[in-house]
Amino acid sequence: MEAFAEQLRELRPRCFEPTEARLALQMKCGRSSVSAMLNGRRFPGWAPTSAFVSACGAEPADWLDRWREAKRRLDAPRRGPAGQDGAAAPAALPDVGGDALLAATWYRSNPEFYSAAARYVRVARSEIRVTYTRRYPPDQYTTKASADYFADTLAWAHEDTEDQRSVRRIIGIPETHGVPDRDVLAWARQHRQETGRLLNYEANVLRWTAAADGLNMALIDDSTVFLTFSGGAHQKLNGFSVQAPTYMSYFAAYFEQLWTPLQPLGAYLDTTGG
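Here we summarise the structure given alongside this text. (Residues numbered from 1 in each chain as written. Predicted model: local features only at pLDDT ≥ 70, side-chain atom pairs only at ≥ 80, totals over all residues. Heavy atoms only, no water.)

## Things to note about the nonpolar core
Here is step 1: Grouped together as the largest cluster of nonpolar side chains are 35 residues, with contacts concentrated most on Tyr-114, Ile-128, Tyr-149, Ile-173, Phe-226 and Leu-265.
Here is step 2: Of all the secondary-structure elements, those providing two or more residues to this core are helix 6 (110-122), strand 2 (127-133), helix 7 (144-158), strand 3 (166-176), helix 8 (182-195), strand 5 (201-208), strand 6 (216-220) and helix 10 (265-271).
Here is step 3: The biggest single contributor to this core is helix 6, with six residues.
Here is step 4: Excluding anything up to four places from it in sequence, Ile-173 contacts Pro-180, Val-184, Ala-188, Val-205, Leu-206, Arg-207, Trp-208 and Tyr-268.
Here is step 5: Of all hydrophobic cores here, the second largest spans 20 residues; its members include Leu-23, Leu-38, Trp-67 and Leu-199. (Core = buried A, V, L, I, M, F, W, Y, C linked by side-chain atoms within 4.5 Å. Buried < 20%, exposed > 50% of the residue type's maximum accessible area, 1.4 Å probe, protein only. Helix = DSSP H or I, 4+ residues; strand = E, 2+ residues; numbered from the N terminus. Contact = heavy atoms within 4.5 Å.)

Encoded structure:
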């Protein structure tokens, strides 16, 4: 990550070394995001890298191979034996015995659940990991609480701050006989436009073939887990949250196993005419 950042820093003086603020303006992101990119604190996705290269007057196509190589090396520790592609090796989990107790907060409705999740998102410190695997897109028949939650998540990732922030979202796109659901695919295309240059945000696609919603989760920082149960009517959703680092560790390990082999949203849409 630091080696790739050094290459970006070497490119910057070739166009009279623009300030981070000017680069951020051209890239349509926060100055702190540019700073994190140049200082090696966070590895950028391809869209922010391409925007940076263009802002420096270079050709993005000339940088694609070196970005892919850097990403391959960064992803290698999460892959299987000898760097093989596939599911990540199971993470080591703590042995807590059989008598652990957990305190859960239950939410009886869609608004209750999303309002609580949004409150935790707004005060998150560094990392948010979320999944969305339902049979229709989040902007269809939504409640105000759920719309606020999705907006707050993107606003948190977009906020100009010196904190190291990361949002990763797994998007399940339903398929029937290999054909993606039209409505969810249309939403995914719009979502790509909204987030493509957001340095602190990544989305991967899970091709979802089950004729049912998935069990969705939001993992906030290192201790808070929200789990949602949905299905049937569009608005029918409830769930619970637990604040416990050990409990979180199991879901974090599961998230990483899902995340590692998945295709980035942009690459998926490119192969489906998005």
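Next comes the rest of the description.
## Quick notes on the side chain of Thr-49
Here is step 1: Among the structural elements, Thr-49 can be located in helix 4 (residues 46-55).
Here is step 2: Ignoring any residue separated from it by four or fewer positions in sequence, one finds Thr-49 in contact with Phe-4, Met-37, Pro-44 and Trp-67.

## Focus on unusual backbone geometry
Here is step 1: Its identity is not glycine, yet His-177 carries a phi of approximately 55°, on the positive side.
Here is step 2: Its location among the elements puts His-177 in the loop between strand 3 and strand 4 (179-180).
Here is step 3: According to the relative accessible area criterion, His-177 is exposed, its value standing at 79%.

## Details of the pattern of salt bridges
Here is step 1: Within this structure, the stated rule accounts for 16 salt bridges.
Here is step 2: A salt bridge links Arg-134 to Asp-213, with the shortest nitrogen-to-oxygen separation between them at 3.1 Å. On the criterion of sequence distance, the pair formed by Arg-134 in the loop between strand 2 and helix 7 and Asp-213 in the loop between strand 5 and strand 6 is long-range, its members being 79 residues apart.
Here is step 3: The closest approach of N and O atoms between Glu-256 and Arg-168, which form a salt bridge, is 2.6 Å. (Salt bridge = Lys/Arg side-chain N within 4 Å of Asp/Glu carboxyl O.)

## Section: the pairing of strand 3
Here is step 1: Of all 11 residues in strand 3, nine are buried; the element is thus mostly enclosed.
Here is step 2: Where strand 2 and strand 3 come together, seven bridges link them in parallel fashion. Note on strand 3: the bridge partner recorded for Thr-131 is Ile-170.
Here is step 3: In this sheet, strand 5 lies alongside strand 3 in parallel orientation, the contact comprising eight bridges. For Ile-170, the partnering residue across the bridge sits in strand 5 and is Asn-204.
Here is step 4: Judged from the two bridges that link them, strand 3 and strand 4 form a sheet pairing that is antiparallel. The residue of strand 4 that forms the bridge with Thr-176 is Val-179. (Pairing = 2+ DSSP bridges.)

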